[in-house]
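# Close look at the chain arrangement
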Amino acid sequence: MKMKLIAATLCTLLTTHAYCASNPASTTYVDNAINNYKNSVLNLKIGDFYQGGVVFYLDSTNQHGLTAAITDQTNLATSTFKWTETGSDVAFRTGAAATGVGGGALNTPIIVAVQAGVNPEAVNYAARRALIWEVLEDGLTQCDGELADPVPNCYGGWYLPAASELQVMIQNIEQVNATSISHGGSALVENQFYWSSSERGGAASVSTTAWAVNSSTGLARGFTKSVLYPVRAIRSF
């Protein structure tokens, strides 16, 4: 394979060489290899619809970044959720303290694990609603067990964004909203606080508050975990 590629590459430069004349397929081999490479390189921009979500953050390579779900997460009963559920008014600390880009992927499983230890019956809290979000390429059709398993092009791995990730999303809210709506989803609720996965309280043994971010201003404020706020899940690629 290696020698074939070398010979074929030379043929793109030396088209009159005897080998190339007798092996016309070699130039086709190189052309195909180049095209396959180009197709494997992402050329994304903010606001693109990709893998069931809207691109709102790209790293310096433009090959990796974050997408936002095209709808808020809901269940049959409500579209707003507590940060955690205790079954009582007693708050507890999870240790989900990351606030920067990439922090939501760390925080979310921590919250879910700690919550399960405190109240295993709790299911309708912010981090879990984000974590169980799984959709097909269209960003709307659920693939959470109701369809055959495995499901081709089913995108899981969503999580509750950290505070800074939510703020980056809000910085690009026009593109996020426009793409969400154009693909059958919905805009973020205007002037509404959304839960982040970032807990307040530092090293305190008990933390009663977590950060939420305003969808119009990008302002982050701490709120009691029992407050009901919407959730917009994100995932990395």
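Every value quoted in this text rests on a predicted model; they were computed, and no experiment measured them.

A word on the overall build of the chain. For the chain, the helix and strand inventory stands at seven helices and seven strands. If you list the helices and strands of the chain from N to C, you get α-α-α-β-β-β-α-α-α-α-β-β-β-β. With 237 residues in all, the chain has 41% of them scored as buried. Taking the intrachain contacts of the chain between residues at least 6 apart in sequence as the baseline, contacts between residues at least 24 apart amount to 62%.

Right, let's get into the sheet that holds strand β3 (residues 65–69). As summarised here, the arrangement of the four strands in space is β1-β2-β3-β7, forming an open sheet in which the pairing is antiparallel. Taken across any chain shown, the strands that pair with only one partner, and hence form the sheet edges, are β1 (49–50) and β7 (234–236). The sheet contact formed by strand β2 (residues 53–58) and β3 spans five bridges and is antiparallel. Across the sheet, the residue bridging to Tyr57 is Leu66, located in β3.

Moving on: the environment of Thr80. For Thr80, the position within the fold is in the loop between β3 and α4 (103–118). Thr80 sits in the partly exposed class, given a relative accessible area of 25%.

Moving on, we come to the nonpolar core. Trp158, Leu160 and Trp195 are the most contacted members of the largest nonpolar core, which totals 24 residues. Residue assignment for this core shows that the elements contributing at least two residues are α4, α5 (126–131), β4 (193–199) and β5 (209–214). With three residues, the single largest contributor to this core is α5. With near-sequence residues (within four places) excluded, Leu160 lies in contact with Trp83, Gly104, Thr108, Ala126, Ala127, Ala130, Trp195, Ser196, Ser197 and Val231.

Next up on the list: unusual backbone geometry. Although it is not a glycine, Asn62 sits at a positive phi angle of roughly 60 degrees. Within the secondary structure, Asn62 is located in the loop between β2 and β3. Here Asn191, not a glycine, exhibits a phi torsion of approximately 55 degrees, which is positive. Note on placement: Asn191 falls in the loop between α7 (173–182) and β4.

So, about the side chain of Thr179. When you line up the elements, Thr179 lands in helix α7. Side-chain polar atoms of Thr179 contact the backbone oxygen of Gly47, separated by 2.6 Å. In contact with Thr179, other than residues within four places in its own chain, are Gly47, Asp48, Phe49 and Val54.

Another point: the state of the cysteines. Under the defined criterion, the tally for this structure stands at one disulfide. Sulfur-sulfur distance for the disulfide between Cys143 and Cys154 comes to 2.0 Å. Measuring the twist about the S-S bond at about 75 degrees, one finds the Cys143-Cys154 disulfide to be right-handed. Of this pair, Cys143 sits in the loop between α5 and α6 (163–171) while Cys154 sits in the loop between α5 and α6, and the two are 11 residues apart along the sequence. Classification of Cys143 as buried rests on a relative accessible area of 5%.

This brings us to the pairing of β3. Of all five residues making up β3, five are buried, and the element is well covered by its neighbours. Adjacent in sequence and paired antiparallel, β2 and β3 are bridged by six residues, among which Asn62 carries a positive phi angle near 60 degrees. In this sheet, β7 lies alongside β3 in antiparallel orientation, the contact comprising three bridges. Bridge pairing in β7 places Thr67 opposite Arg235.

Moving on, we get to the environment of Leu131. Looking at where Leu131 falls in the secondary structure, it is placed in helix α5. When residues no more than four places from it in sequence are discounted, the contact partners of Leu131 are Thr108, Val112 and Trp158.

This paragraph deals with the pattern of salt bridges. For side chains bearing opposite charge, pairing can occur when the charged atoms are close. In this structure the tally under the stated criterion is three salt bridges. Between Lys45 and Asp48 there is a salt bridge whose closest N-O contact spans 3.0 Å. Between Lys225 and Glu199 there is a salt bridge; the shortest N-O distance is 2.4 Å. You can see Lys225 sitting in the loop between β6 (220–224) and β7 and its partner Glu199 sitting in strand β4, a full 26 residues away along the chain.

How each quantity is defined
- Residues numbered from 1 in each chain as written.
- Predicted model: local features only at pLDDT ≥ 70, side-chain atom pairs only at ≥ 80, totals over all residues.
- Heavy atoms only, no water.
- Helix = DSSP H or I, 4+ residues; strand = E, 2+ residues; numbered from the N terminus.
- Buried < 20%, exposed > 50% of the residue type's maximum accessible area, 1.4 Å probe, protein only.
- Contact = heavy atoms within 4.5 Å.
- Pairing = 2+ DSSP bridges.
- Core = buried A, V, L, I, M, F, W, Y, C linked by side-chain atoms within 4.5 Å.
- Polar contact = N/O pair within 3.5 Å; in protein donor to acceptor, adjacent residues only side chain to side chain.
- Disulfide = S-S within 2.5 Å.
- Salt bridge = Lys/Arg side-chain N within 4 Å of Asp/Glu carboxyl O.

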